[in-house]
Amino acid sequence: TRYTYKGESVYYVTSGCCDQFNEVYDNNCKSIGAPDGGVTGKGDGRLPEFFTNATNKRVVWENK
């Protein structure tokens, strides 16, 4: 899913299974953090405000 975050397009990618981080990547495919997922469900702590501040949600790819 593509979002606008801090003025940039970023991509939120969900993991394929449980207890794994759901990563957010920048336009250069560099991970900038995981706002959720993992054992606690709270991500890696680098993007605690992601879902509050991310806008313009658009699904760009879906695995069915």
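Conventions and cut-offs
- Residues numbered from 1 in each chain as written.
- Predicted model: local features only at pLDDT ≥ 70, side-chain atom pairs only at ≥ 80, totals over all residues.
- Heavy atoms only, no water.
- Core = buried A, V, L, I, M, F, W, Y, C linked by side-chain atoms within 4.5 Å.
- Buried < 20%, exposed > 50% of the residue type's maximum accessible area, 1.4 Å probe, protein only.
- Helix = DSSP H or I, 4+ residues; strand = E, 2+ residues; numbered from the N terminus.
- Contact = heavy atoms within 4.5 Å.
- Phe/Tyr/Trp six-rings, centres within 6.5 Å; stacked < 30°, edge-to-face > 60°.

### With respect to the nonpolar core
Here is step 1: Listed in full, the 8 residues of the largest apolar core are Y3, Y5, V10, Y12, V24, L47, F50 and A54.
Here is step 2: Where this core is concerned, the elements lending two or more residues are β1 (2-5) and β2 (8-13).
Here is step 3: Setting aside chain neighbours within four positions, we find V24 in contact with V10, Y11, Y12, K30, S31, I32, G33, P35, L47 and F50.

### As for the packing of aromatic side chains
Think of a pair of aromatic rings as described by two things: how far the centres are apart, and how the planes are tilted against each other in angle.
Here is step 1: Under the counting rule described, the total for this entry stands at 6 aromatic pairs.
Here is step 2: Summarising the aromatic geometry, the rings of Y5 and F50 are spaced 5.1 Å apart at their centres and angled 50° between planes, so their arrangement reads as tilted. Linking Y5 in strand β1 with F50 in helix α1 (residues 50-53), this pair joins segments that are 45 residues apart in sequence.
Here is step 3: Assessed through its relative accessible area of 0%, F50 is described here as buried.
Here is step 4: Seen from their ring centres, Y12 and F51 are 5.4 Å apart, and the 80° between their planes marks the pair as edge-to-face. Taken together, the positions of Y12 in strand β2 and F51 in helix α1 put the pair 39 residues apart, joining distant regions of the chain.

So far we have only geometry, and geometry alone does not tell us how the molecule works.
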